[in-house]
Amino acid sequence: VDPSVAEDMEKFQETFKGIRDRFRLINRIGEGTFSTVYKAEDLMYDVYDNDWDIEEKENKWASPPLKKRRTGMDALAAMDEYAQQRRRPKYVAIKKIYVTSSPSRILNELDLLNDLRGFDSVCPLITAFRHTDQVVAVLPYFRHTDFREYFRKMTVPDMQIFFRSLFTALAAVHSKGIIHRDIKPTNFLYEPDKKRGVLVDFGLAEREEGPDMKPCMCGEQVNERRRRLQNSVAAQMGPANGYPRNDSRPSRRANRAGTRGFRAPEVLFKCTEQSTKIDIWSAGVILLTIMSKRFPFFNSADDVEAMIEIATIFGIKRMKQCAFLHGTVFESNIPTIGDKGFQLEKIILWSTCRNDGGKDGREIPLTPEEKLAVRFLERCFELDPNKRISAKEALEHDFLKEEVY
Ligand code: ADP
Ligand code: MG
């Protein structure tokens, strides 16, 4: 362990009373914007191992693998599997949530994790502790490989396995009406050998608005908003160089939480009625990253740049339609943004140097299976969230339907 990490772990154990009696910290495995995550051994593992049925009744710990009542051989096999898992040393991930996070935000994360218990594709919450203002969440430790190490090597069948796993997790989360809001490689812990991944980090997740939510029209004031926008000084002057000064256009507030480069267009346009479809867009960005072998694929400094990147690919026409849908307007005089944009297929060929301008001046076209992946990608990249594929539909799509094992 790196000396500075050792020092950090020591400090954490000093300040969080009682943690030493319960866990042996092994290493620091993650340092994000909102938390630090440590790998640890649970020293009380045996205690609740023996008592798990009692604890289960009290609803204290994550449910053990035996969830459903099973009979005959099935039950025996399941019990054996359970015993095997229980005999292994119990490693956990301790997520120390930064004290700068608001209590309601911390509660939200724990509450949503609690709601998602029982879905294998979502990292379950074992328990949580608080010492003064410090909250820690305890999760089972999942071995995984850094995305950067494997994404360039992935074949189409590898992608199918990866995305089956990711979309299974998304279907589970979305079935509960929960939007993850931060789908990206570091929040999906994937192990290529195991061909399985789990979704983590519900720090930005939120519940979707009620079931009678209207199709995305950003509320009733949408027409009024469009009128005000069109009449504003900046809009009447037409696209100007750089950002408009004295911008009198009505501003708008919406949840924009998420990570640069993974935000769906409706998030960028500050749509106030965002849905689970924003996660599908982000999953699409991961697929584009893998297929283009470029990470990060989108690399904008802010939301305006992000819109420019999206407009460059999809063309100004579709971008304008998309803006209109969310009660706003999109204008640009940037010469590189064309009317029609580019086909995803072309972008993938360019970025992998397989187009005719590539190494030996000969185009290496996409294989039929790669074309299938692009067809799926197009469904994830529908600019209109209402038309974008859902996680459940995605699992029925030709790209993911067949289990490729
Ligand atoms: P943050 O909100 O700070 O991004 P995350 O929940 O995403 O926190 O955790 C940060 C990192 O810690 C993850 O990207 C991952 O590398 C590691 N991590 C989180 N949970 C686990 C876990 N259950 N098992 C193994 N590693 C984990
Ligand atoms: Mg994270």
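Residues numbered from 1 in each chain as written. Chains lettered and ligands numbered in written order. Predicted model: local features only at pLDDT ≥ 70, side-chain atom pairs only at ≥ 80, totals over all residues. Heavy atoms only, no water.

## Brief notes about the site of ligand 1
- Ser35, Lys95, Pro140, Thr186 and Asn187 are the nearest of the 18 residues found near ligand 1.
- Within the side chain of aspartate 201, one N or O atom sits 2.9 Å away from an oxygen atom of ligand 1.
- In the complex, 91% of the free accessible area of ligand 1, which totals 540 Å², lies under the protein chains.
- Going through the elements one at a time, strand E1 (23–31), strand E2 (35–42), strand E3 (91–97) and strand E5 (134–140) are the ones with two or more residues in the shell around ligand 1.
- Class assignment for the residues of the shell around ligand 1 results in 10 nonpolar, 6 polar and 2 charged. (Near = heavy atom within 4 Å. Polar contact = N/O pair within 3.5 Å; in protein donor to acceptor, adjacent residues only side chain to side chain. Areas by Shrake-Rupley, 256 points an atom, 1.4 Å probe, with all protein chains shown as cover. Helix = DSSP H or I, 4+ residues; strand = E, 2+ residues; numbered from the N terminus. Nonpolar A, V, L, I, M, F, W, Y, C, P; charged D, E, K, R; others polar.)

## A few points about the packing of helix H8 (residues 156–175) against helix H12 (residues 277–292)
- Relative orientation of the contacting elements H8 and H12 amounts to 170°, with a least axis distance of 11 Å. What the angle tells us is that H8 and H12 run roughly antiparallel. Of the residues in H12, those in contact with Met159, Phe162, Phe163, Leu166, Phe167, Leu170 and His174 of H8 are Asp279, Ile280, Ala283, Ile286, Leu287, Ile290 and Met291.
- By residue class, the composition of the contact of H8 with H12 is 12 nonpolar, 1 polar and 1 charged. (Axes fitted to C-alpha atoms, helices over the stretch in contact; angles between N-to-C directions. Parallel < 35°, antiparallel > 145°, perpendicular 65-115°, else oblique. Contact = heavy atoms within 4.5 Å.)

## A closer look at the pattern of salt bridges
- On inspection of all chains with the given rule, the structure shows 21 salt bridges.
- Of the charged contacts, one joins arginine 20 and glutamate 10 as a salt bridge, the two residues approaching to 3.0 Å between their closest N and O atoms. Here glutamate 10 lies in helix H1 (residues 3–15) and arginine 20 lies in helix H2 (residues 19–22), a separation of 10 residues in the sequence.
- Residue classification places arginine 20 among the partly exposed residues on the basis of a relative accessible area of 37%.
- Exposure remark for glutamate 10: the relative accessible area of 35% places this residue in the partly exposed category.
- Note that lysine 95 and aspartate 201 form a salt bridge whose closest N and O atoms lie 3.3 Å from each other. (Salt bridge = Lys/Arg side-chain N within 4 Å of Asp/Glu carboxyl O. Buried < 20%, exposed > 50% of the residue type's maximum accessible area, 1.4 Å probe, protein only.)

## Observations concerning the environment of proline 365
- Relative to the helices and strands, proline 365 resides in the loop between helix H15 (344–351) and helix H16 (368–380).
- Residue proline 365 is classed as partly exposed on the basis of its relative accessible area, which comes to 49%.
- Taking the C-alpha atoms as reference points, proline 365 and arginine 196, 169 residues apart in sequence, are found 30 Å from one another.
- Look past the residues within four positions of proline 365 in its chain and what remains in contact with it is Leu349, Arg354 and Glu370.

## Regarding the sheet that holds E3
- If you trace the 5 strands from one edge of the open sheet to the other, you get E1-E2-E3-E5-E4, paired in antiparallel fashion. Each having just a single partner strand, E1 and strand E4 (127–131) make up the two edges of the open sheet. Within this sheet the neighbouring strands show an average axis-to-axis angle of 25°, counted without direction.
- By the bridge criterion, 7 bridges tie E1 to E2 in an arrangement that is antiparallel. Paired with arginine 28 across the bridge in E2 is tyrosine 38.
- This element, H1, spans E1, E2, E3, E4 and E5 of the sheet and lies at about 120° to E1.
- Contacts from helix H6 (residues 103–115) reach E3, E4 and E5 within the one sheet, and its direction differs from that of E5 by about 20°. (Pairing = 2+ DSSP bridges.)

## Digging into the packing of aromatic side chains
- Counted by the stated rule, this structure contains 22 aromatic pairs.
- With a centroid separation of 6.3 Å and 45° between ring planes, the pair formed by phenylalanine 163 and phenylalanine 167 is classed as tilted. With phenylalanine 163 and phenylalanine 167 both in helix H8 and 4 residues apart, the pair spans about one turn of that helix.
- On the basis of relative accessible area, phenylalanine 167 is assigned to the buried category, the value being 0%.
- What links up through ring pairs into an aromatic cluster is the set Phe147, Tyr150, Phe151, Phe162, Phe163, Phe167, Phe188, Tyr190, Phe295, Phe376 and Phe399.
- Its guanidinium or amino end placed over the ring of phenylalanine 34, arginine 105 lies 4.5 Å from that ring's centre, counting from NZ or CZ. (Phe/Tyr/Trp six-rings, centres within 6.5 Å; stacked < 30°, edge-to-face > 60°. Lys NZ or Arg CZ within 6 Å of the ring centre and 35° of its normal.)

## Focus: the coordination of the magnesium ion (ligand 2)
- Taken together, Asn187 (OD1) and Asp201 (OD) make up the protein donors of the magnesium ion (ligand 2), found 2.1 to 2.2 Å from the metal. Here aspartate 201 lies in the loop between strand E8 (196–199) and strand E9 (206–207) and asparagine 187 lies in the loop between strand E6 (178–179) and strand E7 (188–191), a separation of 14 residues in the sequence. (Donors = N, O, S within 2.8 Å, 3.2 Å for Na, K, Ca; no water.)

## Some thoughts on the nonpolar core
- In this structure, Phe163, Phe167 and Phe399 are the most contacted members of the largest nonpolar core, which totals 88 residues.
- Among the elements that line this core, the one with the most residues is H8, at 11 residues.
- Apart from residues no more than four positions distant in its own chain, phenylalanine 163 is found in contact with Ala283, Ile286, Leu287, Ile290, Phe399 and Leu400.
- The next biggest cluster of nonpolar side chains, apart from the first, holds 14 residues, and it includes Val5, Ile19, Phe23 and Val138. (Core = buried A, V, L, I, M, F, W, Y, C linked by side-chain atoms within 4.5 Å.)

## Re the pairing of E7
- Covered by surrounding structure in E7 are Phe188 and Tyr190 together with Leu189 and Glu191, the residues of both alternating faces.
- Looking at chain direction, E7 and E8 are connected through 4 bridges and run antiparallel. Residue pairing in the sheet places leucine 189 in a bridge with valine 198 of E8.
- In this antiparallel pair of consecutive strands, E7 and E8, the connection spans 4 residues, and lysine 195 shows a positive phi of 55°.

## Some details on the environment of aspartate 384
- Note on placement: aspartate 384 falls in the loop between H16 and helix H17 (391–396).
- In this structure, the C-alpha to C-alpha distance between aspartate 384 and threonine 15, residues 369 residues apart in sequence, is 49 Å.

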